[in-house]
Amino acid sequence: MTAEAKPASPPLTERQEARRRRILHASAQLAGRGGFEAVQMREVAEEAGVALGTLYRYFPSKIHLLVATMQDQLQHMHTTLHKHPPAGQDPAQRVADTLMRAFRALQREPHLADAMVRALTFADRSVSPEVDTVSRITTALILDAMGLEHPTPEQLSAVRVIEHTWHSALITWLSGRASIAQVKIDIDTVCRLIDVTKPTEAR
């Protein structure tokens, strides 16, 4: 093991996992009511029924906590999409449908969405593993909608551009600089990259 490598964390026990779930639920509830500023670690601990020191053992900072909350929200969306697959005759349509469904889920909780996106924006290197997990879940959402298990490098590049566009569209909507109609146009447009990067024999 190199000096920079960290040992893998042991899996959480059932009790620890239940405690973590309570913390994430409390974070989402507070953010949903008052946005980024409403998520204060002491209030989260009280809402979740855990000691403040315990909360910090799970999440070293508010940014770690809110990025983990976004992981949790996206994972829930992923599970929902498995039960109710996206509509569309081709991969581009299915990805656009998936991302708009995810967007509308966030739209229903604008304060929560704003808090999570701000946390992603403020995240530094110490939060890289959590940010990477958010990206992996988003990538999985897109690849599942495409119906791809073994994407080509070009397809993965298209997926990254789609992710960036979705994230940017979310920021511009939250800041009041884009309407939902404009977000849909942007998402539909960028998803056409899927057709462009499709292997030649599959076109």
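Scroll up for the structure.
Presented here is a report on the structure given in the accompanying data block. (Residues numbered from 1 in each chain as written. Predicted model: local features only at pLDDT ≥ 70, side-chain atom pairs only at ≥ 80, totals over all residues. Heavy atoms only, no water.)

**Focus: the overall build of the chain**
Regarding its fold elements, the chain presents 10 helices and zero strands. When the helices and strands of the chain are placed in sequence order, the string is α-α-α-α-α-α-α-α-α-α. Whereas a compact globule of 203 residues would reach a radius of gyration of roughly 17 Å, the chain reaches 18 Å, a difference of no more than 12%. The C-alpha extent of the chain, read off along each of the three principal axes, is 55 × 45 × 30 Å. For the chain, with 203 residues in total, the buried portion stands at 41%. Sequence separation of at least 24 residues holds for 69% of the intrachain contacts in the chain that already meet a minimum separation of 6. Positive and negative side-chain charges of the chain, numbering 24 and 23 respectively, have mean locations separated by a distance of 3 Å. (Helix = DSSP H or I, 4+ residues; strand = E, 2+ residues; numbered from the N terminus. Rg over C-alpha atoms; globule rule 2.2 N^0.38 Å. Buried < 20%, exposed > 50% of the residue type's maximum accessible area, 1.4 Å probe, protein only. Contact = heavy atoms within 4.5 Å. Lys, Arg positive; Asp, Glu negative; His and termini not counted. Charge placed at Lys NZ, Arg CZ, Asp CG, Glu CD.)

**Side note on the packing of helix α1 (residues 14–34) against helix α2 (residues 41–48)**
Two quantities define a packed helix pair, namely the angle between the helix axes and the distance between the axes. Running from N to C, α1 and α2 cross one another at 120°; their axes reach a closest spacing of 8 Å. Relative to α2, α1 is oriented oblique. For the pair α1 and α2, the sense of crossing is right-handed. Between α1, through Arg22, Ile23, Ala26, Ser27, Gln29, Leu30 and Arg33, and α2, the contact on the second element is made entirely by Glu43, Val44, Glu47 and Ala48. (Axes fitted to C-alpha atoms, helices over the stretch in contact; angles between N-to-C directions. Parallel < 35°, antiparallel > 145°, perpendicular 65-115°, else oblique. Left-handed = near helix turned anticlockwise from the far one by under 90°.)

**A closer look at the environment of Ser179**
Note that Ser179 resides in the loop between α8 (153–174) and α9 (180–190). For the pair formed by Ser179 and Ala169, sequence separation is 10 residues and the distance between their alpha carbons is 9.4 Å.

**Quick notes on α9**
One full turn of an α-helix is made of 3.6 residues, so residues set three or four places apart face in the same direction. Within α9, burial applies to Val183, Ile187 and Val190. Burial along α9 is one-sided: seen end-on, the buried residues are contained in an arc of 70°. Contacts made by the buried residues of α9 are with α5 (91–107), α8 and α10 (193–196). (Arc of directions from axis to C-beta.)

**Quick notes on the pattern of salt bridges**
Taken as a whole, this structure holds seven salt bridges when the rule is applied. The partner of Lys184 in a salt bridge is Asp188, and the shortest N-O contact between them spans 2.8 Å. Of the two residues, Lys184 and Asp188 are both situated in helix α9; the distance of four residues between them amounts to about one turn of the helix. Classification of Lys184 by relative accessible area gives partly exposed; the value is 36%. You can call Asp188 partly exposed: its relative accessible area is 27%. We note a salt bridge from Asp195 to Lys198, for which the minimum N-O separation is 3.9 Å. Under the relative-accessibility criterion, Asp195 is labelled partly exposed at 31%. Taking the relative accessible area as the measure of exposure, Lys198 reaches 22% and is therefore partly exposed. In this structure, a network of salt bridges that share partners links the residues Glu37, Asp114 and Arg118. (Salt bridge = Lys/Arg side-chain N within 4 Å of Asp/Glu carboxyl O.)

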